[in-house]
Amino acid sequence: MSKTVETEGALETRGIEQVPDHERTARTRELFPTWVGANISVLLLTMGASLVVAYHLNIWQALVVAVAAPIVSYGLVGLIGIAGKRGGAPGMALSRAVFGQRGNLLPGSLIWIARWGWETINAVTGAYAMLSILEILFGVEANSVLDMVMLLLFVVATFAISGLGINAVQKCNKYATYLFGVFSVLVLGYLVANTDWSKVMDHSAGSTAAVITGIGMIAAGGVSWIPSAPDFTRYLPRTASSKAIVGTAVGGAGVVVLPMVLMGAVMAVSTPDLASATDPVSFLGEILPTWIAVPYLFIALIGMLLINSMSMYSAGFTAQTLGFKVPRHWAVSVNAVISLIFGGVLMLVATSFMGSFIAFLSLLAVAFSAWVGVFGADMLRRTEYDGRAMADTTRTSAYWYRGGFSPAAVAAWAVGLLSGLMFTTSDWFTGPLAKNNVIGEYGLGWVATIVISGALYAVLPKPAVVTPAQADEPAGEPATAGV
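This structure is a prediction, so every number in the text was calculated from the model and none was measured.

### Concerning the overall build of the chain
When you go through the chain residue by residue, the secondary structure sums to 21 helices and zero strands. Across the chain, contacts joining residues at least 24 apart in sequence account for 85% of those joining residues at least 6 apart. As presented, the chain carries roughly 18,300 Å² of accessible surface, and 68% of it is formed by carbon and sulfur atoms.

### Some remarks on helix α12 (residues 242-270)
Owing to its 3.6 residues per turn, the α-helix brings residues three or four apart onto one side. The end-to-end C-alpha distance of α12, which contains 29 residues, comes to 43 Å, matching closely the 42 Å that a straight helix rising 1.5 Å per residue would cover. Within α12, the axis deviates most sharply at glycine 254, by approximately 30°. At the N-terminal boundary of α12, the capping side chain belongs to serine 241, with an oxygen 3.4 Å from the backbone nitrogen of lysine 243.

### Details of the confidence of the model for the chain
Of the residues in the chain, 89% have a pLDDT of 70 or more, and the chain-wide mean is 86. Ignoring residues within four places in sequence, the model shows residues 474-483, a span with pLDDT below 50, making twelve contacts including any to other chains.

### Regarding the nonpolar core
One finds Trp35, Ile218, Trp225, Met260, Phe375 and Tyr385 to be the most contacted residues of the largest nonpolar core, which totals 139 residues. Residue contributions to this core peak at 15 residues, all from helix α14 (residues 290-321). Among residues more than four places away in sequence, those in contact with methionine 260 are Ser41, Val42, Leu44, Leu45, Phe180 and Phe183.

### Digging into the packing of helix α3 (residues 59-87) against helix α10 (residues 208-223)
Across the interface, α3 lies against α10 with an axial gap of 8 Å and an inter-helix angle of 40°. The angle between the axes of α3 and α10 places the two elements in the oblique class. Here α3 and α10 pass one another in a crossing that is right-handed. For the pair formed by α3 and α10, the contact residues are Gln61, Val64, Val65, Ala68, Ala69, Ser73, Tyr74 and Val77 on the first element and Val211, Gly214, Ile215, Ile218, Ala219, Gly221, Gly222 and Val223 on the second. Tallied by class, residues from the contact of α3 with α10 come to eleven nonpolar, five polar and no charged.

### Some details on the side chain of threonine 449
Tracing the backbone shows threonine 449 in helix α20 (residues 445-459). If we skip the residues at most four places from it in the chain, threonine 449 touches Val366, Ser369, Ala370, Gly416, Leu417 and Gly420.

### Description of the environment of glycine 254
Note that glycine 254 resides in helix α12. Classification of glycine 254 by relative accessible area gives buried; the value is 17%. Along the backbone, glycine 254 and alanine 69 are 185 residues apart, and their C-alpha atoms lie at a distance of 8.6 Å. What glycine 254 contacts, discounting residues up to four positions off in sequence, is Pro70 and Pro259.

### Some words on the environment of threonine 46
Mapped onto the fold, threonine 46 is located in helix α2 (residues 43-53). For threonine 46, a relative accessible area of 0% gives the class buried. Along the primary structure threonine 46 and alanine 265 are separated by 219 residues, whereas in three dimensions their C-alpha atoms are 8.2 Å apart.

What counts as what
- Residues numbered from 1 in each chain as written.
- Predicted model: local features only at pLDDT ≥ 70, side-chain atom pairs only at ≥ 80, totals over all residues.
- Heavy atoms only, no water.
- Helix = DSSP H or I, 4+ residues; strand = E, 2+ residues; numbered from the N terminus.
- Contact = heavy atoms within 4.5 Å.
- Areas by Shrake-Rupley, 256 points an atom, 1.4 Å probe, with all protein chains shown as cover.
- Expected span 1.5 Å × (residues − 1).
- Bend = angle between axes of the 7 residues up to and from the residue.
- Polar contact = N/O pair within 3.5 Å; in protein donor to acceptor, adjacent residues only side chain to side chain.
- pLDDT = per-residue confidence, 0-100.
- Core = buried A, V, L, I, M, F, W, Y, C linked by side-chain atoms within 4.5 Å.
- Buried < 20%, exposed > 50% of the residue type's maximum accessible area, 1.4 Å probe, protein only.
- Axes fitted to C-alpha atoms, helices over the stretch in contact; angles between N-to-C directions.
- Parallel < 35°, antiparallel > 145°, perpendicular 65-115°, else oblique.
- Left-handed = near helix turned anticlockwise from the far one by under 90°.
- Nonpolar A, V, L, I, M, F, W, Y, C, P; charged D, E, K, R; others polar.

And the structure:
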């Protein structure tokens, strides 16, 4: 990330306000390590194993899933990221232009709460990695007290990186990209030499429905980043290439998702318990030789630390848009405390880590997708965002609309969300329309959410789009009507 007036120090002081054009000097290629870092999760190995064990896919079907999932999810990440260069502000601040100053509190609150779960699972995975390293290197066995100490250390480290801001996040992601490359070579070499490839190739194929459901499961992690995409593109100049924004998102995610999912699928053929391990991190540490296990666990720790740092970085902006009148780094601390509390509960109480994780992913995707459908449809008609109107939360704001709400956006969001949940199946919740139809059986509840919310918003009457130039015109002059 190129240095600017607000980010040249160790601490980024800019919050949800619009970044001035003279500070927007970043380059699109700097986004590549951002999306690499956002995916360095060893849980991808476990999900790859689930494709074989739970979904009964063969290696070629797993390859289709591993290729399609990042294209689908991070294609959307890149497309929504274009709004960041247009508006120079975080995603949930730009969302005020779509939903209205008060209306934005509805999807904002849900997305903020969903991030609690995402960060909790990441924190627990990171703590497990630390515990496993201690056991392998020093023979220290885990217990409840040590569990909580490791969780606390992980959350504190996460807060330190995310609290510092965009420069710290980008630098860490850059170095993590190199580490991941080295780790991948080590594990791939081990798998090539020690895998019974005839057994892998002879595995029978699963159903088409299982392939599509698998794509949805892997893509759900990427969907969770869509509302955050503008947070990492807001320092790009308005002239930045939209194609490059999309390409770096898909490419950065793909170079991680593809090998990790395939490695998990290959490992599951000889070690099927990987797909259902209560503690997937330490389990992998046990089945790999020490010379692979230790760097693997180290990368697992670094990866989860970076993913959580990026999530908390964005969550700080969301908290500010919800009305927390504190600096960005203190807004981040709210999510840090929440993930610490929920992480402790998960480590001490949960009996099935992966079951909880996959159930959470299915609901998370729907929660984020309702916002994506409305915001994405709005981007088709809006190419500029008024920074002063976004910052003005009073009735004088151009984004106040009707009582602080955009009826079209709020209605489309609510209908899309409820519709998506009706088609969704998870261990925690099963919608009434989740069976006996293609959408429910193929795990496409989140796709239905995007389509329904986006289409409904497109056809409903909407407030006029007011550009910054029109907002400066004297009162009484007509504004261009919206679509």
